[in-house]
Amino acid sequence: MTGQAVEREVGRARLRKEDARLITGQTTWTDNISVTGLLHLAFLRSPMAHARIARVDVSAALERPGVVAVFTGRDLADGLGSLPCAWPVTEDMVLPDHPPLALDEVRHAGDPVAVVVARDRYAAADALEAIEVDYEPLPPVLDLEAALAEGSPLVHADKGTNRAYDWPLRAGDDFEAVRERAEVVLKRRYRQQRLIPNAMEPRAVVVTPLAATGEYTVYSATQIPHILRIMLSVVTGVPEHKLRVVAPDVGGGFGSKLQVYGEEAVALAVARELGRPVKWTESRSEGYLATHHGRGMIQDVEIAATREGKLLGLKVRLLADMGAYLMLVTPGIPILGAFMYPAIYKMDSYEFDCTGVFTTRTPTDAYRGAGRPEATYAIERAMDELAAEVGLDPIEVRRRNWIRHEEFPYTSIAGLTYDSGDYEAATEKALALFGYEELRAEQAGRNGRGDTVRLGIGVSTYTEMCGLAPSRVLRDLRYSAGGWEAASIRMLPTGKVEVVTGTSPHGQGHVTCWSQIAADVLGVPFEDVEVVHGDTLVAPQGMDTYGSRSLVVGGSAVHRAAEKVVEKARRVAAHLLEASEDDLEFKGGVFSVKGSPDARRTIQEVAFETFTSHDVPEGMEPTLNAEHVLDPENFSYPHGTHLCAVEVDTETGRTRIRSYVCVDDVGRVINPVIVEGQVHGGLAQGIAQALYEEAVYDTEGNLVSGTMADYLIPSAADLPDFVTDRTETPAASNPLGVKGVGEAGTIASTPAVVNAIVDALRPLGVHDVPMPCTPERVWEAVRGARPSGTADEEASA
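The shown structure was predicted, so the numbers you read here are calculated from the model rather than taken from an experiment.

Draft legend 1. Quick look at the overall build of the protein chain. Looking only at helices and strands, the protein chain has 21 helices and 28 strands in total. Relative to the 2.2 N^0.38 estimate, which gives 28 Å for 797 residues, the radius of gyration of the protein chain is 28 Å and therefore close to what a compact globule would have. Seen through its principal axes, the protein chain has C-alpha atoms that stretch 90 × 75 × 50 Å. Residue burial in the protein chain is summarised as follows: out of 797 residues, 62% are buried. Long-range pairs, those at least 24 residues apart, make up 80% of the contacts in the protein chain with a sequence separation of at least 6. Accessible area of the protein chain: about 28,900 Å², with a carbon and sulfur share of 49%.

This is the structure:
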């Protein structure tokens, strides 16, 4: 342990440490877990969107081979409380009970009614058909506007309303006064269709009881082991210190595993009831009904501007589909977007109102971007409409309104302080890579010839708030928890390093990036760092993974904890070298005395000397271990410019993405390979919303897009090659200078694609195509616009 040349890690394009284990099958998915005496669960789910439960008869199911027990909601009611909602966005928000198993009513297709416990999953599934349930149908509630009308059927009759909450925000000048002096006023309606998350690994849970002590270990395919532990304790009454929650290998989440699900609570209750370990794994079609959905809202947007394209004011009115229940953060998702509708633009007035509406559909909650994609879509579509109205190029109208680089830090009209950014630089780089002027010239030629295949160019210049944190801000938003994150560094006697993190990865590359961060600060080889996560027993503190917060908050906590280790080691090294701490330099993992380079100790040598404790400073604990809990002062604000060129066949409605260029600014980059992967994945999901995906319900409230045969998820073959690049303006709000990247591609790409389609068809009088822009919808938009060649100012959803 005499020192080593350690290459700088941060910024290095390393392959992920995690991948060798993943691609060779040496993984532990929740469904892989098997223990002695394991029983399997299967849930009987309502085939109806809304009905009273008149009778449940499980006697025949109990006679089926292999069946150990069957429970209804009534059977478990004494040991199960309501599922939690952690975000009561207003003081008077309507919060209905949400039983893990339905008691008297079912309120969406897929609402669970009973659970079968059997010796294998097939016996459990087969026994479901033997359960008899008498349903008394009730009217479904599906249309958001009709749900608020007088006399509408009610999702929760005891609450007397389908209105969950009203949440307003007013900033700047009075909008009515601004509209009066505006030369241009545009009103548009956009519809955010429901989306169904499709993580590669379905949800699963295993619960193992230890009867002698009343302890339980819950293995769950979750993004939030720490939050899940707290909430399961609240729902089931099992004391928190008797619960251990483990998120083993988790195969994707995208927000769908940022949840406390009824199946997890029921599994714990059944394990407690029977004293046996239990397992449940959802089927894909079951997940389409029971895993929460994303998006789902109507956006009425009004912009006031000058004839020169200067934005004066913005008014947004949302109707947000909550679904049947308010789940963990359901009501807060649209509110996150409230602060992002002004985006990168300056204006005098901003008015926002959101109404949450109960419907008899699967509840909505977080889905990649969570409120921010919806906001970006609305403002970026509206900016293109403004450009068309005043006769400006879409890029030029943005230039006239965005915050200039010299104005940072800048407090937006919504009250957020953007710490850094350079929208001009990102846009100029994107335009050059895209060949913008050449494409515009080609477009003009095609339009002049009246080509049936039209070329469209879409623009999206976005920013987002991520690194979901500061606890005081979350308090002001009435969120029930904080936004801090914890990390600890264990310096082992042999000089190896263990990083314990409160974030829980499910594909993001935490193990690799945290190793790079710790290796740089400590001056140890990358290979000598191990990262421990996802287990509340070994990583007891944490606020988990969502909202592009892991690197910004969790990675910064790792950095700070590693700095504390170095400072502890400095004290020991100074003692060993008989020098003042102020006279020591630390570089590349080596402490040396200034002016005496031969007087040196490696951090590994210091670690071993501290372990032996034979010669450490008086009164010092014999450890270099350190921990840090970081609560940032601000969000982080990545930004970028995305440009999309599409070819639209006006005779068939087929859209083909010809080229896609994005230049993102995610602050300081820890690992370019991981950033690239995150951007590509985000682009795929954002493009999917624009062109392919939609959860469709019939008039009775049945999900008719309930399998992958009906719900179109694009494959690599359906997507173009992406040209990606970056600019870099380090964040000022964290010690690493990093900004989030996990949601950027999703947030920016949807409006870029739809703007391109509308740009291609605008000469034909088309001003909007509802998402997803399927060939049929594009064809209908073209046919509908042709008689007059124009579109109504009010675009319909």
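Draft legend 2. Expanded view of the packing of helix H17 (residues 550-577) against helix H18 (residues 603-612). Two elements in contact, H17 and H18, have axes separated by 10 Å at closest approach and are oriented at 85 degrees. One finds that H17 runs roughly perpendicular with respect to H18. Residues Ala569, Val572, Ala573 and Leu576 of H17 lie in contact with H18, whose contacting residues are Ile603, Val606, Glu609 and Thr610. Looking at the contact of H17 with H18 residue by residue, the class counts come to 6 nonpolar, 1 polar and 1 charged.

Draft legend 3. Region of the structure containing the environment of Phe254. Mapped onto the secondary structure, Phe254 falls in the loop between strand E11 (243-246) and helix H8 (262-274). Relative accessible area serves as the criterion here: at 29%, Phe254 is assigned to the partly exposed category. Ignoring any residue separated from it by four or fewer positions in sequence, one finds Phe254 in contact with Asn198, Ala199, Gln223, Ala366, Tyr367, Arg368 and Gln685.

Draft legend 4. Spotlight on H18. Turning to H18, its buried residues number three or more, namely Ile603, Gln604, Val606, Ala607, Thr610 and Thr612. Contacts from the buried residues of H18 go to strand E19 (485-491), helix H16 (510-522), H17, strand E22 (584-587), strand E23 (590-593) and strand E24 (596-602). Directly after H18, the chain includes Ser613, whose backbone phi takes a positive value near 60 degrees.

Draft legend 5. Just the state of the cysteines, in detail. Throughout the structure, instances matching the rule amount to 0 disulfides. Between Cys354, a cysteine without a disulfide, and Cys85, which holds the nearest cysteine sulfur, the sulfur-to-sulfur distance is 13 Å.

Draft legend 6. Region of interest: the pattern of salt bridges. Evaluated as defined, the whole model comprises 68 salt bridges. In this structure, the salt-bridge partner of Asp19 is Arg16, at a minimum N-O distance of 2.8 Å. Look at Asp19 and you get partly exposed, because its relative accessible area is 26%. A salt bridge links Arg361 to Asp321; the shortest N-O distance between them is 2.9 Å. You can see Arg361 sitting in the loop between strand E15 (349-358) and helix H11 (372-390) and its partner Asp321 sitting in strand E14 (residues 311-323), a full 40 residues away along the chain.

Draft legend 7. Quick look at the side chain of Asp535. Mapping Asp535 onto the fold places it in the loop between strand E21 (529-532) and H17. Setting aside chain neighbours within four positions, we find Asp535 in contact with Arg244, Val245, Val246 and Pro540.

Draft legend 8. Broad picture of the nonpolar core. Membership of the largest hydrophobic core comes to 150 residues, with the highest contact counts inside it found for Trp167, Phe339, Tyr341, Tyr350, Phe352 and Tyr660. No other element matches H11, which puts 9 residues into this core. Apart from residues lying up to four places away in sequence, Trp167 is in contact with Val89, Thr90, Ile335, Ala338, Phe339, Phe352, Asp353, Cys354 and Leu477. Judged by nonpolar contacts, the second largest core, of 46 residues, contains Ala487, Met491, Met620 and Leu630.

Draft legend 9. Region of interest: the pairing of strand E5 (residues 112-118). The buried count for E5 comes to 7 of 7 residues, which makes it a mostly enclosed element. With 6 bridges joining them, strand E1 (residues 39-45) and E5 adopt antiparallel strand pairing. Looking at E5, one finds that Ala42 is bridged to Val116. As defined by bridge partners, strand E3 (residues 67-72) adjoins E5 across 5 bridges and the pair is classed as antiparallel. From the neighbouring strand, Thr72 faces E5, where its bridge partner is Ala114.

Draft legend 10. Local environment of the sheet that holds strand E20 (residues 497-501). Ordered in space as E21-E20-E19-E25, the 4 strands form an open sheet in which the pairing is mixed. Only two strands of the sheet have a single partner each, and these edge strands are E21 and strand E25 (626-630). Strand after strand, the sheet turns through a mean of 15 degrees between neighbouring axes, direction not considered. Here 5 bridges tie E19 to E20, and the two strands are oriented antiparallel to one another. Directly across from Ser488, in E20, lies its bridge partner Val500.

Draft legend 11. Region of the structure containing the sheet that holds strand E7 (residues 163-172). Taken in spatial order, the 5 strands of this open sheet run E7-E15-E14-E13-E8, and their pairing is mixed. Taken across any chain shown, the strands that pair with only one partner, and hence form the sheet edges, are E7 and strand E8 (184-195). If you compare each strand with its neighbour and ignore which way they point, the axes differ by 10 degrees on average. As defined by bridge partners, E7 adjoins E15 across 9 bridges and the pair is classed as antiparallel. Note on E15: the bridge partner recorded for Trp167 is Cys354. Lying on the sheet, H11 is in contact with E8, strand E13 (294-305) and E14; it crosses E8 at an angle near 145 degrees.

Draft legend 12. Main features of the packing of aromatic side chains. In total, this model carries 14 aromatic pairs according to the counting rule given. Both rings, one in Trp167 and one in Phe339, keep their centres 6.1 Å apart while their planes meet at 70 degrees; by these two values the pair is edge-to-face. With Trp167 in strand E7 and Phe339 in the loop between helix H10 (333-338) and E15, this residue pair connects regions lying 172 residues apart in the sequence. Looking at Phe339, the relative accessible area reads 11%, which means it is buried.

Draft legend 13. Representation of empty space enclosed by the protein in the model. All chains considered together, the criterion is met by 7 cavities of 30 Å³ or more. Computed from the structure, the largest cavity encloses a volume of approximately 140 Å³. Each residue belonging to the lining of the largest cavity can be placed in one class, and the counts come to 9 nonpolar, 4 polar and 3 charged. Within this model, the second largest cavity holds a volume of roughly 100 Å³. Along the wall of the second largest cavity there are 13 residues; nearest its centre are Pro197, Ala199, Glu282, Arg284 and Thr291. Looking at the lining of the second largest cavity residue by residue, the classes come out as 4 nonpolar, 4 polar and 5 charged.

Draft legend 14. Geometry of the pairing of strand E9 (residues 204-210). Burial of E9 is extensive: 5 of the 7 residues sit out of reach of the surface. By the bridge criterion, 4 bridges tie E9 to strand E12 (residues 278-281) in an arrangement that is antiparallel. By the bridge assignment for E12, Ala204 is matched with Thr281. Relative to strand E10 (residues 215-220), E9 is paired through 6 bridges, and the arrangement is antiparallel. Of the residues in E10, the one forming a bridge with Val205 is Ser220. Hairpin remark: E9 followed by E10, antiparallel, with 4 residues in the connecting loop; positive phi at Gly214, about 70 degrees.

Procedures and definitions
Residues numbered from 1 in each chain as written. Predicted model: local features only at pLDDT ≥ 70, side-chain atom pairs only at ≥ 80, totals over all residues. Heavy atoms only, no water. Helix = DSSP H or I, 4+ residues; strand = E, 2+ residues; numbered from the N terminus. Rg over C-alpha atoms; globule rule 2.2 N^0.38 Å. Buried < 20%, exposed > 50% of the residue type's maximum accessible area, 1.4 Å probe, protein only. Contact = heavy atoms within 4.5 Å. Areas by Shrake-Rupley, 256 points an atom, 1.4 Å probe, with all protein chains shown as cover. Axes fitted to C-alpha atoms, helices over the stretch in contact; angles between N-to-C directions. Parallel < 35°, antiparallel > 145°, perpendicular 65-115°, else oblique. Nonpolar A, V, L, I, M, F, W, Y, C, P; charged D, E, K, R; others polar. Disulfide = S-S within 2.5 Å. Salt bridge = Lys/Arg side-chain N within 4 Å of Asp/Glu carboxyl O. Core = buried A, V, L, I, M, F, W, Y, C linked by side-chain atoms within 4.5 Å. Pairing = 2+ DSSP bridges. Phe/Tyr/Trp six-rings, centres within 6.5 Å; stacked < 30°, edge-to-face > 60°. 1 Å grid on protein atoms, 1.4 Å probe; cavity = no way out; pocket = protein on both sides within 12 Å on 5 of 7 lines; lining within 4 Å. Points joined across faces, edges and corners; volume = space filled by probe spheres on them.

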